Amino acid sequence: MKRWILVLGMILLLFLANYLSFSATRSIISTAQGYQEIETFNREGNYIANLDPESEADFDRIDIKETRKLYEYLNNNHTYALQADGFTTSLENEHDMEVSFNYINEEAYQLNQFKLAQGDQLNFDYQFKQDDIPVLIGGGLASTYPVGSKIEITDPVTQQAVDLKVQGVLEKNTHRSNFYAPNSKNYYNFSVIVPVNEPFIQNAGLDLHLNGLMDIVLLDSTKEEATKLNEQIQNNLGLDFNFFSQQENFKYFEDYYVSSLKMISAITLVLLVVIVCLATWNTLISVRLMIKDFTVNLLVGLSYSKLRTIFYSYFAILFSINLVILFAITAFNRYGFWMRKDSIFATYGVFGLISMDWIAFLGVLLIDVIIGVMIVELALKKIKGIPISVGVLQ
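Criteria and cut-off values
Residues numbered from 1 in each chain as written. Predicted model: local features only at pLDDT ≥ 70, side-chain atom pairs only at ≥ 80, totals over all residues. Heavy atoms only, no water. Phe/Tyr/Trp six-rings, centres within 6.5 Å; stacked < 30°, edge-to-face > 60°. Helix = DSSP H or I, 4+ residues; strand = E, 2+ residues; numbered from the N terminus. Buried < 20%, exposed > 50% of the residue type's maximum accessible area, 1.4 Å probe, protein only. Lys NZ or Arg CZ within 6 Å of the ring centre and 35° of its normal. Polar contact = N/O pair within 3.5 Å; in protein donor to acceptor, adjacent residues only side chain to side chain.

A. Seen up close, the packing of aromatic side chains. The full count for this structure, using the stated rule, is 23 aromatic pairs. Relative to Phe 179, the ring of Phe 41 lies with its centre 5.1 Å away and its plane at 80°, an arrangement referred to as edge-to-face. One end of the pair, Phe 41, is in the loop between helix H1 (4-38) and strand S1 (47-51); the other, Phe 179, is in the loop between strand S9 (175-177) and strand S10 (185-187), with 138 residues separating them in the sequence. Relative to Phe 319, the ring of Phe 315 has its centre 6.3 Å away and its plane inclined at 35°; by these criteria the two rings are tilted. Residue Phe 315 and its partner Phe 319 are both found in helix H9 (residues 304-339); the two are separated by four residues, about one turn of the helix. Each member of the pair, Phe 315 as well as Phe 319, carries the same accessibility label: buried. Grouped by ring-pair contacts, the aromatic residues Phe 22, Phe 327, Phe 351, Trp 358 and Phe 361 constitute a single cluster. The ring of Tyr 348 has Lys 172 sitting right over it, with the charged end atom 4.4 Å from the ring centre.

This is the structure in structure tokens:
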């Protein structure tokens, strides 16, 4: 610890190893969670829509009468799951967050299986314009709008004044993963989940109609029926959609993500090897510079076992410094979403960290232990290989 240039160099090298390991581990965990969540849609006969990226979409020419006809066709010929997120509005809450309204039909709701912290599950049998609409709210809104309270607001997609009744509160950090990128998530801590039925859809505007189509899921269908629906969309709206099974979406994701992850993992592994080599070299330089100190202390009673303990304590201090820095960066990043009022990424947890962060930290800690053992044992082997007489002469 007396040679600060070597110490700082070691801290930087080990921090780079920790950061790369942490990022890769957290990405893998997030992907695994996404796969598990979306697996309910991964069934034979389910086909998920997405707008063909090569099609030329002219949304300005689309008339709401055509989209209403299309949804009538859907209701008469298909069973489908609809979920449309991200319609933001101003709704008073203690954190001054912009609130996201998310719309879901009964079929999608049954597949998502949201867990509640309080209250009851949604009811889809309400009469639009007559009954209060039952809704679920995110955990961040629970103190402002407890179960049973009413919310009077102009709905973002119908542009009509509606009365919402809070039916239940979602568990904190409830989220939805993307069908096409399972490692990507939107969090519902500051969201209102609105159940939609056929009358609601017919009263909604183009925004809901078009956004709902982007991720619509045909249930218990066939490829031929999906192709026929695509023809209806093309004829009525001039849009070209693809309908893939979730397994095909997973395969598409894996083609680019897994290959990228392999590349990142290979680079990380190479860098870890380089970092371990540099860190070992750094340690051996320190040993060479202080060989006389080691020799003298060995002569007056310092044992190799105690020297090993000193080395492990030294690296425990370095790793602790790195983990604290990595923890601070991660916590600041999570806190940044709250500061920017970015409601779809704002999460709850100890210091703002969520489960995947803590698991990734455990992974980093394991890698640190492996690196530390390798460096310490190599350094001790080097010291043991130097005769004491040579050490004294040096």
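Still to come is the rest of the account.
B. Representation of the environment of Asp 155. Positionally, Asp 155 belongs in the loop between strand S7 (150-154) and strand S8 (161-170). A sequence separation of 66 residues divides Asp 155 from Thr 89, and the C-alpha atoms of the two residues are 8.7 Å apart. Only 2.9 Å separates the side chain of Asp 155 from the side chain of Tyr 103, close enough to count as a polar contact. A distance of 2.9 Å separates a polar side-chain atom of Asp 155 from the backbone nitrogen of Thr 158.

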